[in-house]
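So the chains spell out like this:
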Amino acid sequence: MGCNVGGVDRVLRIVAGVAILAAGVVGPLCWWGAIGLVPLATGVLRYCPAYSIFGIRTCPADGGRA
């Protein structure tokens, strides 16, 4: 399982994940906030299964972990 999520993409996923989780905790979205775990996990792990399926890669060509 190599890296396929790059720097900017990673930051956006983490911010979006935290925002969705926070909206679920303090807002009216209740359990829908759990959906925020998906972008948060893909940002932290730097791997997106959907990117693999479609052959998308936003990380540097070396594919190593930073």
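Every residue gets a number counted from 1 within its own chain, in the order that chain's sequence is written. Where local features are concerned, this predicted model is filtered to residues with pLDDT of at least 70; where side-chain atom pairs are given and counted, the filter is 80 or more; whole-chain, interface and lining totals use all residues. Side-chain metrics in this entry use all non-hydrogen atoms of the structure; hydrogen atoms and water are not considered.

(A) Up close: the overall build of the chain. Helix and strand assignments come from DSSP, with helices taken as H or I runs of at least 4 residues and strands as E runs of at least 2, each series counted from the N terminus. Each helix and strand counted, the chain has three helices and zero strands in total. Listed by position from the N terminus, the elements making up the chain come as α-α-α. For the chain, the C-alpha atoms occupy an extent of roughly 40 × 20 × 15 Å along the three principal directions. Expressed as a percentage of its 66 residues, the buried residues of the chain come to 29%. Think of it in three bands: with a 1.4 Å probe and only protein chains considered, a residue is buried below 20% of the maximum accessible area for its type, exposed above 50%, and partly exposed in between.

(B) Structural detail: unusual backbone geometry. Positioned with a positive phi, Arg 46 is a non-glycine residue whose angle comes to about 60°. Tracing the sequence through the fold places Arg 46 in the loop between helix H2 (37-45) and helix H3 (49-54).

(C) Broad picture of the side chain of Asn 4. Tracing the sequence through the fold places Asn 4 in the segment before helix H1 (7-26). In the analysis that follows, any N or O atom pair within 3.5 Å is treated as a polar contact, provided that within protein one partner can donate a hydrogen and the other can accept it, and provided that, for residues neighboring in sequence, both atoms belong to side chains. A distance of 2.8 Å separates the side chain of Asn 4 from the backbone nitrogen of Cys 48, its partner in a polar contact. Any pair of residues with heavy atoms lying within 4.5 Å of one another is described as a contacting pair. Non-local contacts of Asn 4, meaning those with residues more than four positions away in its chain, are made with Arg 46, Tyr 47, Cys 48, Tyr 51, Ser 52, Ile 56, Arg 57, Thr 58 and Cys 59.

(D) Here's a closer look at the packing of aromatic side chains. Stacked, edge-to-face and tilted labels apply to pairs of Phe, Tyr and Trp rings (six-membered ring for Trp) whose centres lie within 6.5 Å, assigned for plane angles under 30 degrees, over 60, and everything in between, in that order. Within this structure, the stated rule accounts for zero aromatic pairs. Charge over a ring is defined by NZ of Lys or CZ of Arg lying within 6 Å of the ring centre and within 35 degrees of the ring normal. Seen from the ring of Tyr 51, Arg 13 lies directly overhead, with NZ or CZ sitting 4.8 Å from the centre.

(E) Spatial organisation of the confidence of the model for the chain. The pLDDT value tells you how sure the predictor is about a given residue, anywhere from 0 up to 100. Residue-level pLDDT values for the chain average 87, and 91% of them are 70 or greater. Per-element mean pLDDT across the chain ranges from 93 in H1 up to 96 in H2.

(F) Geometry of the pattern of salt bridges. We count a salt bridge whenever a side-chain nitrogen from Lys or Arg sits within 4 Å of a carboxyl oxygen from Asp or Glu. A complete count under the given rule lists one salt bridge for this structure. A salt bridge links Arg 13 to Asp 9; the shortest N-O distance between them is 3.1 Å. Residue Arg 13 and its partner Asp 9 are both found in helix H1; the two are separated by four residues, about one turn of the helix. This pair shows no difference in class: Arg 13 is buried, exactly as Asp 9 is.

(G) Spatial organisation of the packing of H1 against H2. Two numbers describe how H1 lies on H2: the axes approach to 7 Å, and their chain directions differ by 150°. The orientation of H1 relative to H2 falls into the category roughly antiparallel. Read as a crossing pair, H1 and H2 show a hand that is left-handed. Along the contact surface, H1 presents Arg 10, Arg 13, Ile 14, Gly 17, Val 18 and Leu 21, while H2 presents Leu 37, Pro 39, Leu 40, Thr 42, Gly 43 and Val 44. In this description, a line fitted to the C-alpha atoms serves as the axis of each element, helices being fitted only across the stretch in contact, and the angle between N-to-C directions of two axes falls anywhere from 0 to 180 degrees. Roughly parallel here means an angle under 35 degrees, roughly antiparallel means over 145, roughly perpendicular means 65 to 115, and every remaining angle is called oblique. Crossings are assigned a handedness: left-handed for a near helix turned anticlockwise from the far helix by less than a right angle, right-handed for a clockwise turn.

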